[in-house]
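# Overview (structure and organization)
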Amino acid sequence: MKTFTDYDVLMVFLNECEDKQLEQQILSSPEACERLKQLENDMNSIESSLDTSSNDNENNDYGHQLWNNISSQLETPKELSWLDKVKNKMLLPQFSFVSIVAIFVASLTFYTLGSYNKPTLNNEKSNYANQLLTQNVQYHLTQTDLFLTQVSNMPEQSQTPMMINTAKHLLSSNRIYKAAMSNTDATENDNTKINQLLIELDQVLTEISNSSSDQKQNHLYQYTHDQLLYKVKTINQKLKNNNTVI
Amino acid sequence: MRELEPTIIQKAIHGDKMAFRSIVIHYGKIVNNLAFRYTSNQASAEDISQETFIKAFKGLSKYKMDAKFSTWLFRITTNASIDYLRKTKNLKSTDSIEQTNTLANIEQPQTQFSEQLDLNQQIHNALSGLTETERLAFTMKHHQGFSIQETADQLKINNNACKQTIYRAVQKLRKQLTPMVST
């Protein structure tokens, strides 16, 4: 039976045996394994005795004493470059690269979901609603245009109850559209103009609908109706041109 | 061993002296113990500990937080110990076991008979019985987990010499400590 030296056994124990065949022979030999076990026990004993020795020397205030000895010799190290600061920051658990990637992926996911689902849907809905409203306002202005033209061409004393009813009907529609238009984007120039026109129309239609058939048209109507009719025609025409749905 | 909070180390890297004070208080004793293993001399261990922390403070900007701070600090301790022993080697003309043992006996005159030695004294003698290279190689390999190649490189010796050195150290320690700790 081959005998192994203590040196060989130690090298196997330290996992530094270069001869793999020899290592295999040692590991397969019961006698050598017994020596390895004994060596391991001895090394553990040595280690624990050295540890005990270190702990016995332990002084809880040692760190403080050491600090007192060296603190006066410490000079502030030079400032880190921003790249090193970022690198070190990234290596902290809370700022690790993995965390940043996770945050980035989560942000990207939310952004993608946000831009492809909700906002798009809302934008489309909003666009359709605006188009529909503009179309209806344009119909309303066409009717109002016809009505005001008719009123302006009639003799003063010839307003009929039917016209007053039409004015009331137009007035109620006008108020609905006025309320609807007030919720639209006021930053758009056209919307502002339409809003203003609907407000002016409201006053005129209110006067007509409240006037009796034998009553004279009042001062406000007399003064504004020509300008108003012009505005109605202009905006109506513009809406017709812009409204591709129509 | 419990590691210190990374935020404290981060602050120290940015020049916060109070954070570095926490590092010294936390790791001071462990560094000293390691230095004592390398030198087998408490006064030398004190000097090396101071040198280690001064070097660590100066080199904090080189520390990368992907490694354990203690590992980085122990590397500095190892290098500081090797440097220290190289410097003091000029004062001691030889590195023989006989002389080291003689020095140990002079420092501790009350421990003349081995049967009267307590555990600490025997360990001290056992460590002192190793040459500086043996102590360094054994501690680096067995306690610090360096490879033979790394140990040999640090000690500027070849691999086989390093293995032989560790072998001699283990044989001496087994001879001196194993019967004592097993009783």
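The preceding data block contains the structure.
The numbering scheme is per chain: residues are counted from 1 as the chain's sequence reads. Whichever chain is written first becomes A and whichever ligand is written first becomes 1, with later ones labelled in order. Local features in this predicted model are restricted to residues whose pLDDT is 70 or higher, and side-chain atom pairs enter the listing and the counts only when it is 80 or higher, whereas totals over whole chains, interfaces and linings include all residues. As a rule here, side-chain values cover all heavy atoms of the structure and leave hydrogens and water aside.

## Re the overall build of chain A
Going by this rule: Numbering of helices and strands runs from the N terminus, with a helix taken as a DSSP run of H or I at least four residues long and a strand as a DSSP run of E at least two residues long. The cut-offs for exposure are 20% and 50% of the maximum accessible area for each residue type, with area from a 1.4 Å probe on protein chains only; residues under the lower value are buried, those over the upper are exposed, and the others partly exposed. Values of accessible area rely on a 1.4 Å probe in the Shrake-Rupley scheme; residue burial ignores everything except the protein chains shown.
Helix and strand counts for chain A stand at 10 helices and 0 strands. Out of the 246 residues belonging to chain A, those deemed buried represent 33%. Counting every atom, chain A has about 15,600 Å² of accessible surface; 55% of that belongs to carbon and sulfur.

## A few points about helix H4 (residues 62–70) of chain A
Since there are 3.6 residues in each turn of an α-helix, residues three or four apart along the chain are aligned in direction. Note the cut-off: Here the arc refers to the set of directions running from the helix axis out to each C-beta atom. Every residue pair with non-hydrogen atoms within 4.5 Å of one another is taken to be in contact.
Every buried residue belonging to H4(A) is among Tyr62(A), Gly63(A), Leu66(A), Trp67(A) and Ile70(A), and all of these are buried. Projected down its long axis, H4(A) shows its buried positions confined to an angular sector of 135°, all on one face. Those residues of H4(A) that are buried are in contact with helix H2 (17–39) and helix H3 (42–58) of chain B.

## Things to note about a nonpolar patch on the surface
Convention followed: Patch building starts from residues that exceed 30% relative accessible area and form no salt bridge, then joins like charges within 9 Å and nonpolar side chains (Val, Leu, Ile, Met, Phe, Trp, Tyr) within 5 Å. In the sections that follow, a salt bridge refers to a side-chain nitrogen of Lys or Arg positioned within 4 Å of a carboxyl oxygen of Asp or Glu.
A surface patch of nonpolar side chains, about 360 Å² in accessible area, is lined by Val101(A), Phe104(A), Val105(A) and Leu108(A). Given the relative accessible area of 54%, Phe104(A) is considered exposed.

## Describing helix H8 (residues 161–182) of chain A
Put simply, the test is: Expected helix span is computed as 1.5 Å times (number of residues minus one).
The end-to-end C-alpha separation of H8(A) is 31 Å, in line with the 32 Å expected for 22 residues at 1.5 Å each. Of all the positions in H8(A), only Met163(A), Ile164(A), Ala167(A), Leu170(A), Leu171(A), Ser173(A), Asn174(A), Tyr177(A) and Met181(A) are classed as buried.

## Section: unusual backbone geometry
All names here are of chain B. A positive phi angle is found at Ser40, which is not glycine, with a value near 60°. Inspection of the secondary structure puts Ser40 in the loop between H2 and H3. We note that Lys156 has phi near 60°; this positive angle belongs to a residue other than glycine. Looking at where Lys156 falls in the secondary structure, it is placed in the loop between helix H8 (148–155) and helix H9 (159–182). Relative accessible area serves as the criterion here: at 66%, Lys156 is assigned to the exposed category.

## So, the interface of chain B and chain A
As a measure of interface size, the accessible area lost when the parts come together is often cited. Short version of the rule: Buried area, as used here, totals the accessible surface that two parts lose on assembly, with accessibility defined by a 1.4 Å probe and the loss added over both. Two N or O atoms form a polar contact when they lie within 3.5 Å of each other; inside protein one atom must be a possible hydrogen donor and the other a possible acceptor, and for residues adjacent in sequence the pair counts only when both atoms belong to side chains.
Listed by partner, the interface residues are 50 residues for chain B and 46 residues for chain A. Both sides of the chain B and chain A interface together cover about 4,700 Å² of buried area, and 64% of this is carbon and sulfur. The largest contributions to the chain B side of the interface with chain A come from Lys29(B), Lys163(B) and Arg174(B), which together make up 13% of the buried area. Inspection of the region where chain B meets chain A yields 4 salt bridges. Note that Glu18(A) and Lys163(B) form a salt bridge whose closest N and O atoms lie 3.2 Å from each other. Our enumeration of links across chain B and chain A arrives at 11 residue pairs in polar contact (both at pLDDT 80 or more). For the side of chain B that touches chain A, the elements supplying multiple residues, two or more each, are helix H1 (6–13), H2, H3, helix H6 (119–128), helix H7 (132–143) and H9 of chain B.

## Digging into the pattern of salt bridges
Considering all chains together, one arrives at 14 salt bridges over all chains under this definition. Residue Arg174(B) pairs with Asp42(A) through a salt bridge whose shortest N-O separation is 2.8 Å. Highlighted residues: Arg174(B) in helix H9 and Asp42(A) in helix H3 (residues 30–56), drawn from two different chains. When sorted by exposure, Arg174(B) lands in the same class as Asp42(A), which is buried. With a shortest N-O distance of 3.3 Å, Glu150(B) and Arg75(B) are connected by a salt bridge. In this pair, Glu150(B) sits in helix H8 while Arg75(B) sits in helix H4 (residues 69–89), placing the two residues 75 residues apart along the sequence. Note on Glu150(B): relative accessible area 30%, which makes it partly exposed. A single network of salt bridges, built from pairs that share partners, joins Asp6(A), Glu31(A) and Arg35(A).

## Description of the packing of aromatic side chains
Where we set the bar: Between 30 and 60 degrees the pair is tilted, below 30 it is stacked and above 60 it is edge-to-face, where a pair is any two Phe, Tyr or Trp rings, Trp via its six-membered ring, whose centres lie within 6.5 Å.
The final tally for this structure, using the stated rule, is 8 aromatic pairs over all chains. For the pair Tyr7(A) and Tyr167(B), a centre-to-centre distance of 5.5 Å together with 80° between the ring planes defines the contact as edge-to-face. Of this pair, Tyr7(A) sits in helix H1 (residues 6–13) while Tyr167(B) sits in helix H9, placing the two residues on different chains. The exposure class of Tyr7(A) is buried, given its relative accessible area of 19%. With a centroid separation of 4.7 Å and 65° between ring planes, the pair formed by Phe20(B) and Phe57(B) is classed as edge-to-face. With Phe20(B) in helix H2 and Phe57(B) in helix H3, the pair connects residues that are 37 residues apart, well separated along the chain.

## A word on the nonpolar core
We apply this condition: As used here, the term nonpolar core means buried Ala, Val, Leu, Ile, Met, Phe, Trp, Tyr and Cys residues forming a set that is joined through side-chain atoms within 4.5 Å.
Counting 71 residues, the largest nonpolar core has Phe20(B), Ile23(B), Phe53(B) and Phe69(B) as its most contacted members. The element best represented in this core is H2(B), accounting for 10 residues. The contact partners of Phe20(B), leaving out residues within four places of it in the chain, are Trp67(A), Leu74(A), Ala12(B), Phe53(B), Ala56(B), Phe57(B) and Leu60(B). By size, the runner-up hydrophobic cluster in this structure holds 24 residues, among which are Met181(A), Leu197(A), Leu205(A) and Leu228(A).

## A short note on the environment of Leu205(A)
Residue and element names in this part refer to chain A. Mapping Leu205 onto the fold places it in helix H9 (residues 189–210). Sequence separation between Leu205 and Leu170 is 35 residues, and the spatial gap between their C-alpha atoms is 7.3 Å. If we ignore the near neighbours within four places in the chain, the residues touching Leu205 are Phe147, Ala167, Leu170, Leu171 and Asn174.

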